[in-house]
Amino acid sequence: MQQKDQSMADDPQTTAFYAAEAARYAARGTPPNMRHIERFSSLLAPNAAVLELGCGSGRDSAALLAKGLDLTPSDGSPELAAEAQKRLGRSVQVLRFADLAAKNAYDGVYANACLLHVPRAELPGILRAIHRALRADGVFYSSFKEGTQEGRDRFGRLYNYPSPDWLAATFADVGFPSPQIEQVMGTGYDAEPTPWLHVYARKDAAGPMPA
């Protein structure tokens, strides 16, 4: 079945932004998300099978590969997937979140700064698909821009802007009962100060994640 040339949960404005800005977005030269790459990797066995969603430029992908993980990088934007493929020198899958159909296939799912574009109404379904894709006790990392209601940034990109309580309840409802949520200040492509939520969860695990 032919994939639609759509991404980011099919929001047209968000899709159009990444299609038009892919080369510029990939060339920013920002460093990889090393603190969270280190922690995510430490929770997995060597050569663990990991799916990366929304890999963007492939910046974090390269660091995850250097950790010895069996990584499958993917992005919903064909244009960004092509940019990541140039950086990595390996195939990058074009995968929309809604098309994730794998079952018990991965030890970890890494989703840095990408699920934040999923409309709130669609996020539980996407999280359920990630839950199905993970093996028993699989590790899931994701990050979001904090807020109180869905909205758009000055580039027209859609954000779900969750609160920590809303996000924790949504994760718990789909099979991630004890997500750990870290609140930090940061920034993004818009270079504006932004409160971020970094989320670690383990499939069906009720206990706390290791620090």
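These notes cover the structure that comes with them. All of these numbers come straight from a predicted model, not from anything done at the bench. (Residues numbered from 1 in each chain as written. Predicted model: local features only at pLDDT ≥ 70, side-chain atom pairs only at ≥ 80, totals over all residues. Heavy atoms only, no water.)

Considerations on the overall build of the protein
Stage number 1. Along the backbone of the protein there are six helices and nine strands.
Stage number 2. Dimensions of the protein along its principal axes, counting C-alpha atoms only, are 45 × 40 × 35 Å.
Stage number 3. Put simply, the protein has 211 residues, and 52% of those count as buried.
Stage number 4. Considering only intrachain contacts with a sequence separation of at least 6, the fraction spanning at least 24 residues in the protein is 67%.
Stage number 5. For the protein, the exposed surface amounts to about 9300 Å²; the carbon and sulfur share of it is 50%.
Stage number 6. Computed over 22 positive and 24 negative side-chain charges, the inter-centroid distance for the protein is 2 Å. (Helix = DSSP H or I, 4+ residues; strand = E, 2+ residues; numbered from the N terminus. Buried < 20%, exposed > 50% of the residue type's maximum accessible area, 1.4 Å probe, protein only. Contact = heavy atoms within 4.5 Å. Areas by Shrake-Rupley, 256 points an atom, 1.4 Å probe, with all protein chains shown as cover. Lys, Arg positive; Asp, Glu negative; His and termini not counted. Charge placed at Lys NZ, Arg CZ, Asp CG, Glu CD.)

Let's talk about helix α6 (residues 164-173)
Stage number 1. Restricting attention to buried positions, one finds in α6 the residues Leu 167, Thr 170 and Phe 171. Seen end-on, α6 carries its buried residues on one side only, within an arc spanning 100 degrees. Summarising the geometry of α6, the exposed residues directed more than 90 degrees from the buried face are Asp 165 and Asp 173.
Stage number 2. In this fold, the buried residues of α6 make contact with α5 (123-133), β5 (134-145), β8 (180-186) and β9 (194-202). (Arc of directions from axis to C-beta.)

Description of the sheet that holds strand β2 (residues 70-75)
Stage number 1. The strand order across the open sheet formed by seven strands is β3-β2-β1-β4-β5-β9-β8, and the pairing between neighbours is mixed. Every interior strand has two partners, whereas the edge strands, β3 (93-94) and β8, have only one.
Stage number 2. Of the strands in this sheet, β1 (49-52), β2 and β4 (106-111) are in contact with helix α3 (residues 59-66), which crosses β2 at around 170 degrees. (Pairing = 2+ DSSP bridges. Axes fitted to C-alpha atoms, helices over the stretch in contact; angles between N-to-C directions.)

Considering the pattern of salt bridges
Stage number 1. A complete count under the given rule lists 11 salt bridges for this structure.
Stage number 2. In this structure, the salt-bridge partner of Asp 11 is Arg 152, at a minimum N-O distance of 2.8 Å. In this pair, Asp 11 sits in the segment before α1 (12-26) while Arg 152 sits in strand β6 (residues 151-152), placing the two residues 141 residues apart along the sequence.
Stage number 3. Take Asp 11: its relative accessible area is 8%, and that puts it in the buried class. (Salt bridge = Lys/Arg side-chain N within 4 Å of Asp/Glu carboxyl O.)

A short note on the nonpolar core
Stage number 1. Counting residues in each nonpolar core, the largest one holds 32 residues, and the members touching the most others are Leu 53, Leu 115, Ile 130, Phe 140 and Phe 171.
Stage number 2. Elements represented by at least two residues in this core include exactly β1, β4, α5, β5, α6 and β9.
Stage number 3. In this structure Leu 115 touches Phe 97, Leu 123, Ile 126, Leu 127, Ile 130, Phe 140, Ser 142, Phe 144 and Asn 160, once residues within four positions along its chain are discounted.
Stage number 4. By size, the runner-up hydrophobic cluster in this structure holds 15 residues, among which are Val 50, Leu 64, Leu 71 and Val 139. (Core = buried A, V, L, I, M, F, W, Y, C linked by side-chain atoms within 4.5 Å.)

Considerations on the packing of aromatic side chains
Stage number 1. A full pass over the atoms with the stated rule returns 14 aromatic pairs.
Stage number 2. Pairing Phe 144 with Phe 171 gives two aromatic rings, centres 6.5 Å apart and planes at 80 degrees, and the pair type is edge-to-face. Taken together, the positions of Phe 144 in strand β5 and Phe 171 in helix α6 put the pair 27 residues apart, joining distant regions of the chain.
Stage number 3. Accessibility expressed as a relative area gives 0% for Phe 171, which makes it buried.
Stage number 4. Relative to Phe 176, the ring of Phe 171 lies with its centre 5.9 Å away and its plane at 50 degrees, an arrangement referred to as tilted.
Stage number 5. Assessed through its relative accessible area of 0%, Phe 176 is described here as buried.
Stage number 6. Members of the aromatic cluster, each reached through a chain of ring pairs, are Phe 17, Tyr 18, Tyr 25, Phe 155 and Tyr 189.
Stage number 7. It is Arg 120 that lies over the ring of Trp 166; its NZ or CZ is 4.6 Å from the centre.
Stage number 8. The side chain of Arg 157 reaches across the aromatic face of Phe 17, ending 4.8 Å from its centre. (Phe/Tyr/Trp six-rings, centres within 6.5 Å; stacked < 30°, edge-to-face > 60°. Lys NZ or Arg CZ within 6 Å of the ring centre and 35° of its normal.)

Topic: unusual backbone geometry
Stage number 1. The phi angle at Asp 137 is positive, at roughly 65 degrees, despite the residue not being glycine.
Stage number 2. Mapping Asp 137 onto the fold places it in strand β5.
Stage number 3. The backbone of Tyr 161 shows a phi angle near 40 degrees, a positive value even though the residue is not glycine.
Stage number 4. A relative accessible area of 19% means that Tyr 161 is categorised as buried.

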